[in-house]
Amino acid sequence: MKYYSPQDCLELDQITQSQFGISSETLMENAGKSCAQAILTQIKPPQSTIFTVLCGPGNNGGDGLIVARELSKKKFTVRTISVREGDFSQFEQQLGASPAWVIDALFGVGARLPFSPFWQKVFEIVMARAEKVVSIDHPSGFPTSDGTECTDPHIRANWTLSIGLHKFSHYTHAGPEA
């Protein structure tokens with residue numbers, strides 16, 4: 001099995017767009033639909049599940065919006081929170097006391113460490129409150145390059161839906177536990 005670094009993933013996205021003419025929007029649409037389908041067929045949540053989708057500022061957040069749309073089409077209750085660095089108390093209020101299912105679409109494999117104190121607090125509160133977490137592409141806050149030990153707060157997902165490629169950090173050091 002071949003494993004890919006964040007740089008490899010970025011280069012492959014660029015090749016896909018430039019050589020095959022597939023737009024970043026189409027890549028995002030396909031990723032979001034595939035993740036929603038995987039949630040429904042692999043994880044199989046009950047129809048009564050209420051999803052809280054946390055969408056970050058980049059492409060991973062865009063994937064999350066598409067996942068939210070697709071789950072809504074399947075008649076699930078979905079709350080979407082667009083998270084931007086700023087007022088933590090506002091985020092805490094939006095998240096609620098104990099969201100049953102959180103979909104982590106905050107940061108993907110292209111994110112850079114270290115994260116600011118705001119984001120570290122976001123990761124901590126999600127882990128303290130969420131019953132189950134599904135991460136899109138990569139658990140937010142976890143090192144993406146080599147899976148080295150992460151001492152900073154990060155998402156520890158029950159399931160990680162890797163988009164397109166096997167990431168090196170998913171299989172090394174603490175990666176399988178993230």
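A. Local environment of helix α4 (residues 88–95). Of all the positions in α4, only F88, F91 and L95 are classed as buried. Seen along its axis, α4 keeps its buried residues to an arc of 60 degrees; they face one direction. Residues of α4 that are buried in the fold lie against β1 (50–55), β2 (77–82) and α5 (117–129). Of the residues flanking the end of α4, it is G96, one or two places downstream, whose phi is positive at about 90 degrees.

B. Structural context of the packing of aromatic side chains. A full pass over the atoms with the stated rule returns nine aromatic pairs. Measuring from centroid to centroid gives 5.7 Å for F51 and W101, while their planes differ by 70 degrees, and the two rings are edge-to-face. Here W101 lies in strand β3 (residues 101–105) and F51 lies in strand β1, a separation of 50 residues in the sequence. Assessed through its relative accessible area of 9%, W101 is described here as buried. Consider the rings of F88 and F118, whose centres lie 6.3 Å apart with planes at 85 degrees: the pair is edge-to-face. With a gap of 30 residues between them, F88 in helix α4 and F118 in helix α5 connect regions that are remote in the sequence. Neither F88 nor F118 differs from the other in exposure class; each is buried. Members of the aromatic cluster, connected to one another through ring pairs, are F88, F91, F107, F115, F118, W119 and F123.

C. Region of interest: the pairing of β3. Taking burial as the measure, the five residues of β3 include five buried ones, the bulk of the element. Side-chain alternation along β3 places W101, I103 and A105 on one buried face and V102 and D104 on a second face that is also buried. Sheet topology note: the β1/β3 ladder contains five bridges and is parallel. Bridge pairing links T52 to V102 in β3. Bridging between β3 and strand β4 (residues 132–136) involves four bridges; their strand directions are parallel. Residue D104 lies in a different strand from β4, and its bridge partner there is S135. Crossover handedness for the path β3 to α5 to β4: right-handed.

D. A look at the sheet that holds β2. Pairing is parallel in the open sheet, where five strands are placed in the order β2-β1-β3-β4-β5. Looking at strand neighbours, the two that pair on one side only are β2 and β5 (159–161), the edges of this open sheet. Direction aside, neighbouring strands of the sheet carry axes that sit 20 degrees apart on average. Across the sheet, α4 is in contact with β1 and β2; its angle to β2 comes to roughly 175 degrees.

E. Representation of the nonpolar core. Ranked by internal contacts, the top residues of the largest apolar core, which has 21 residues, are L54, V83, F91, W119, V122 and V126. Contributions of two or more residues to this core are made by α4 and α5. Element by element, the count of residues in this core is highest for α5, at six residues. If we ignore the near neighbours within four places in the chain, the residues touching F91 are L54, I81, V83, V122, I125 and V126.

F. View of unusual backbone geometry. The backbone phi angle of K44 is positive, close to 55 degrees, even though this residue is not glycine. If you trace the backbone, K44 turns up in the loop between α2 (24–43) and β1. Phi at D137 takes a positive value of approximately 75 degrees, unusual for a residue other than glycine. Within the secondary structure, D137 is located in the loop between β4 and β5.

What counts as what
Residues numbered from 1 in each chain as written. Predicted model: local features only at pLDDT ≥ 70, side-chain atom pairs only at ≥ 80, totals over all residues. Heavy atoms only, no water. Buried < 20%, exposed > 50% of the residue type's maximum accessible area, 1.4 Å probe, protein only. Helix = DSSP H or I, 4+ residues; strand = E, 2+ residues; numbered from the N terminus. Arc of directions from axis to C-beta. Contact = heavy atoms within 4.5 Å. Phe/Tyr/Trp six-rings, centres within 6.5 Å; stacked < 30°, edge-to-face > 60°. Pairing = 2+ DSSP bridges. Right-handed = clockwise from strand over helix to strand, strands pointing away. Axes fitted to C-alpha atoms, helices over the stretch in contact; angles between N-to-C directions. Core = buried A, V, L, I, M, F, W, Y, C linked by side-chain atoms within 4.5 Å.

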